[in-house]
Amino acid sequence: MRFWQRRGVRRWVVLGIIAAPIVAAALVGYYRWWAGQVNQALSRTVAGRRVLVDPGHGGIDPGVIRGDLLEKDINLAISLELKKLLQEAGMTVLLTRETDIDLCYSKEEEETGRRKKLDLRSRVALTETFGAEIYLGIHTNASTIAGCKGPQTFYRSASNPDGGRLAALIQEELSKVSPTVRQAADVNNQFMLKTLKIPAVTVEVGFLSNGQDAAKLVRPAVQRRLAWAIFTGTVRFFAEVPEEQPAPGNGR
Ligand SMILES: [Zn+2]
């Protein structure tokens, strides 16, 4: 008698066939319940949190150039993906630009250095008037050393003590999708990080000067993964750093 023709075995096979859909339905039900719990927890954590996303450069300022690849385009593509993710999670998001423009509104101001200054000041003004709780500047790096690659985050601890935590969490998530030995770095030479007083991070998503990084950075799937990493770091930060409560009233 063959193994599967034995009575005991047949009974188990029949039982298995009957039970499989029930077990599958139970698992799907459990998964839905669990996903609902996660969603609820997520929206409690981040709903209404105000995030300013700043795609670096734009318009006459291309940022880093590699052949026909321009930093400003990569920054914008990732920022638009990031905005989608943050909004879907219930956050209130403002992008400093959603198209290929700079933020110097003076038409006469053609001198590049001066234009850049006004552009950066507009980005600060937008962040402040929006009432952003955190600032995420999105950039692409370059180095004269061709071997330099991988994403890196920057913050300035002297401006805000929580900036370093935000940078570290985003760095951790970025390192998962684009493995690197780079660490979040405390810097003192970036205008946006020096000027803003909220937790502020510059995310350099990779090196356009590195062939491997450049080939990855233009791929929409990679851009989505990088945006996802920045999003996840942001959610983790808000989960750790509670929303500031308004000062208690006069008890009326
Ligand atoms: Zn840049």
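Scoring rules and cut-offs
- Per chain, the residues get numbers from 1 upward, laid out in the order the sequence is written.
- Reporting of local features is limited, given that this is a predicted model, to residues whose pLDDT is at least 70; pairs of side-chain atoms are given and counted only at 80 or more, and all residues count toward the totals for whole chains, interfaces and linings.
- Note that the side-chain values use all heavy atoms of the structure and ignore hydrogens as well as water.
- Between the rings of Phe, Tyr and Trp (Trp by its six-membered ring), a pair exists once the centres lie within 6.5 Å; its type follows the angle of the planes, with under 30 degrees stacked, over 60 edge-to-face, and the other angles tilted.
- Where helices and strands are cited, they refer to DSSP runs of H or I of at least four residues and of E of at least two residues respectively, numbered from the N terminus.
- Throughout this description, buried means an accessible area under 20% of the type-specific maximum (1.4 Å probe, protein chains only), exposed means over 50%, and partly exposed covers the range between.
- Geometrically, a charge over a ring is one whose NZ (Lys) or CZ (Arg) sits within 6 Å of the ring centre while staying within 35 degrees of the ring normal.
- Counted as salt bridges are all cases of a side-chain nitrogen of Lys or Arg within 4 Å of a carboxyl oxygen of Asp or Glu.
- Any N, O or S atom lying within 2.8 Å of the metal counts as a donor, with the limit raised to 3.2 Å for Na, K and Ca; because water is left out of the atom set, some sites can appear incomplete.
- Expected helix span is given by 1.5 Å per residue-to-residue step, counting one fewer step than there are residues.
- Distance and chemistry together define a polar contact, namely a pair of N or O atoms within 3.5 Å, with one atom able to donate a hydrogen and the other to accept it when in protein, and with adjacent residues in sequence counting only for side-chain atoms on both sides.
- The contact criterion used throughout is that any non-hydrogen atoms of two residues lie within 4.5 Å.
- A pair of strands is labelled paired if DSSP reports no fewer than 2 bridges between them.
- Only residues above 30% relative accessible area that lack a salt bridge enter a patch, with like-charged residues linked at up to 9 Å and the nonpolar side chains Val, Leu, Ile, Met, Phe, Trp and Tyr linked at up to 5 Å.
- All accessibility values rest on the Shrake-Rupley procedure with a 1.4 Å probe; residue burial counts only the protein chains present in the view.
- Orientation is described by axes fitted as lines to C-alpha atoms, over the contacting stretch for helices, and by angles from 0 to 180 degrees between their N-to-C directions.
- These domain limits were set by an automatic method or by a database of domain assignments.

The subject of this paragraph is the packing of aromatic side chains. As enumerated under the stated definition, the model contains four aromatic pairs in all. Both rings, one in Trp-228 and one in Phe-231, keep their centres 5.2 Å apart while their planes meet at 45 degrees; by these two values the pair is tilted. Here Phe-231 and Trp-228 lie together in helix H7 (residues 220–240), a separation of three residues that amounts to about one turn. Here Phe-237 and Phe-238 contribute two aromatic rings whose centre-to-centre distance is 6.0 Å and whose plane-to-plane angle is 55 degrees, an arrangement assigned as tilted. Considered together, Phe-237 and Phe-238 belong to a single accessibility category, that of buried residues. Just above the ring of Phe-130 sits the side chain of Arg-50; from NZ or CZ to the centre is 4.4 Å.

Per the counting criterion, the structure on display carries twelve salt bridges. The salt bridge partner of Lys-72 is Asp-100, with a shortest N-O separation of 3.1 Å. Placement of Lys-72 in helix H2 (residues 71–88) and of Asp-100 in the loop between strand E4 (92–95) and helix H3 (112–130) is noted, with a sequence separation of 28 residues between them. Judged by relative accessible area, Lys-72 falls into the buried class, the value being 8%.

This paragraph deals with the coordination of the zinc ion. Around the zinc ion, the protein contributes the donor atoms His-57 (NE2), Glu-71 (OE) and His-139 (ND1), which lie 2.1 to 2.2 Å from the metal centre. Linear spacing of the donor residues for the zinc ion on their chain is H-x13-E-x67-H. Here His-57, found in the loop between strand E1 (50–55) and strand E2 (65–66), pairs with Glu-71, found in helix H2; they are 14 residues apart in sequence, far enough to count as distant. A relative accessible area of 13% means that His-57 is categorised as buried.

For the rest of this paragraph, the subject is H2. Counted at 1.5 Å a residue, the expected span for H2 with its 18 residues is 26 Å, and the 26 Å between its end C-alpha atoms agrees. All of the buried residues in H2 are Glu-71, Lys-72, Ile-74, Asn-75, Leu-76, Ile-78, Ser-79, Glu-81, Leu-82, Lys-83, Leu-85 and Leu-86. Just beyond H2, the residue with positive phi is Gly-90, at close to 100 degrees.

Looking at the element boundaries, Asp-54 is found in strand E1. Polar contacts involving the side chain of Asp-54 include one to the side chain of Thr-96, which spans 2.5 Å. Those residues in contact with Asp-54 that lie beyond four places of it in its chain are Thr-96, Arg-123, Tyr-135, Leu-136, Gly-137, Ile-138 and Met-192.

Burial along E4 is one-sided: the residues Val-93 and Leu-95 are buried and none of Thr-92 and Leu-94 is. With four bridges connecting them, E1 and E4 associate as parallel partners. Within E4, the residue paired with Val-53 across the bridge is Leu-95.

Let us look at a nonpolar patch on the surface. Together, Tyr-30, Tyr-31, Trp-33, Trp-34 and Val-38 make up an exposed nonpolar region whose accessible area comes to about 600 Å². Of note, Val-38 is situated in helix H1 (residues 7–46). By relative accessible area, which is 39% here, Val-38 ends up partly exposed.

On the secondary structure map, Arg-7 appears in helix H1. You can call Arg-7 exposed: its relative accessible area is 66%. In this structure, the C-alpha to C-alpha distance between Arg-7 and Arg-66, residues 59 residues apart in sequence, is 71 Å.

For the rest of this paragraph, the subject is the sheet that holds strand E8 (residues 200–207). Ordered in space as E4-E1-E5-E8-E6-E7, the six strands form an open sheet in which the pairing is mixed. A single partner strand is all that each edge strand has here, and the edge strands are E4 and strand E7 (185–186). Note: strand E5 (residues 134–141) against E8, six bridges, orientation parallel. When the bridges of E8 are listed, Tyr-135 appears paired with Ala-200. In this fold helix H4 (residues 163–177) packs onto E5, strand E6 (152–155) and E8, with an angle of close to 175 degrees to the strand it touches most, E6. Contacts from H7 reach E1, E5 and E8, with the element oriented near 155 degrees to E5.

Assigned domains within the protein chain: domain 1 (3–37) and domain 2 (48–240). The straight-line distance from the C-alpha centre of domain 1 to that of domain 2 is 48 Å.

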